[in-house]
Amino acid sequence: MILKGDFHTHSIYSDGKNTLEELVQAALAKGFSAYGFSDHAYMDDPARDWGMKKEQIENYKAEIARLKEQYRGSIDLLCGIEQDSFCPLGVDGYDYVIGSVHAVEKNGILCEVDDSLEKVKENLRLFADPYEYVEEYYRSVASLPRRFNFDIMGHFDLLTKWQEKEPLFDENHPRYRAAAEEALKALIPTGVLFEVNVGAISRGVRTTPYPNPALLHSIYERGGDVIIGGDCHNAANLGLGFDSALALIKSCGFERVVSLSSKGKEFITI
């Protein structure tokens, strides 16, 4: 298998279905040589209950440390975190960090961009037009490096989650492209990896990964690197959609993908 592991995964510490050890067993059954845990960080907001509880953080790190020792020689385990733009705590003590934007704020209302289709459509009415919503989202994405240090940009164009079901805006519209390209300009110089995320495929809401081909072409042309992330919330879906992600990456000009290990980045020729 050319892809050595998955580094965007969620357990019962946040909004996943499985324990950490169940996920390790699934990774071993899949033939992975490396695997990263990246539960959602603490959110400090009762309405956003899909984040880790504050009192769970040290237990999360300790359990992963135990599993690293238990499975040493069988699989290379990494302790990561997915840090949202609205997370209040720091990112120290992790092997890697995924930076993500799941919401934009309008009139004091937090609008989750990957909420249900009905809720996203309701939130869109708060904005002057869909492209104001798009621009606010990509401004938040561009601001991430000023907020905290991270290694992977998670699902860069997450706000397109429902586009295959019901297009809410035109991804080729000049305002959309300009907003996305401005975010890429801010991110590329930091050296973060861009995740090709297949999570919406396993949830049955998309047939293609994020980001879209036009944005992947731009990332390639700007000298960015990519890593495939499953955004796995259920061990049964581990590795699902990786082949389509790899095919998309190759079609956009990339000749390598990145994997992670306890030694750092590994570049894999494709």
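Data block above holds the structure.
What comes next concerns the included structure. Owing to the predicted nature of the structure, the values given are computational and were not obtained by experimental measurement.

### Considering the environment of A142
Relative to the assigned elements, A142 resides in helix α4 (residues 130-147). Relative accessible area serves as the criterion here: at 16%, A142 is assigned to the buried category. As a C-alpha pair, A142 and L3 span 139 residues in sequence and 29 Å in three-dimensional space. Excluding its chain neighbours within four sequence positions, the residues that come into contact with A142 are A183 and A186.

### Focus: the pattern of salt bridges
A complete count under the given rule lists 15 salt bridges for this structure. For E69, the salt bridge goes to R72, with nearest N and O atoms at 2.4 Å. Each member of the pair, E69 as well as R72, carries the same accessibility label: exposed. E132 is the partner of K106 in a salt bridge, and the nearest nitrogen-oxygen pair spans 2.8 Å. Of this pair, K106 sits in strand β5 (residues 103-106) while E132 sits in helix α4, and the two are 26 residues apart along the sequence.

### Thoughts on helix α7 (residues 213-221)
Within the sequence span of α7, burial applies to L215, L216, S218 and I219. The buried residues of α7 occupy an angular sector of 160° when the element is viewed end-on, so they sit on one face. Looking at the buried positions of α7, the neighbouring elements they touch are α4, α5 (174-187), β8 (193-197), β9 (226-229) and α8 (242-251). The N-terminus of α7 is capped by N212, whose side-chain oxygen sits 3.1 Å from the backbone nitrogen of A214. A positive phi of about 90° marks G223, the residue just after α7.

### Looking at the sheet that holds strand β3 (residues 76-84)
Spatially, β1-β2-β3-β4-β7-β8-β9 is the arrangement adopted by the seven strands of the open sheet, whose pairing is parallel. Each edge of the open sheet is held by one strand with a lone partner, namely β1 (5-6) and β9. Of the strands in this sheet, β1, β8 and β9 touch α8, which is tilted by about 160° from β9.

### Details of α8
In an α-helix there are 3.6 residues to a turn, and that puts residues three or four apart on one side. Turning to α8, its buried residues are F242, A245, L246, L248 and I249. Buried positions in α8, seen along its axis, are confined to an arc of 160° and lie on one side of it. Residues of α8 that are exposed and point more than 90 degrees away from the buried face comprise D243 and S251. Where α8 is buried, its residues touch β1, β8, α7, β9 and β10 (256-261). At the exit of α8 stands G253, carrying a positive phi of roughly 105°.

### Points about the pairing of β5
Relative to strand β6 (residues 109-112), β5 runs antiparallel, the two sharing four bridges. Within β6, the position partnered with K106 by the bridge is I109.

Cut-offs and rules
- Residues numbered from 1 in each chain as written.
- Predicted model: local features only at pLDDT ≥ 70, side-chain atom pairs only at ≥ 80, totals over all residues.
- Heavy atoms only, no water.
- Helix = DSSP H or I, 4+ residues; strand = E, 2+ residues; numbered from the N terminus.
- Buried < 20%, exposed > 50% of the residue type's maximum accessible area, 1.4 Å probe, protein only.
- Contact = heavy atoms within 4.5 Å.
- Salt bridge = Lys/Arg side-chain N within 4 Å of Asp/Glu carboxyl O.
- Arc of directions from axis to C-beta.
- Polar contact = N/O pair within 3.5 Å; in protein donor to acceptor, adjacent residues only side chain to side chain.
- Pairing = 2+ DSSP bridges.
- Axes fitted to C-alpha atoms, helices over the stretch in contact; angles between N-to-C directions.

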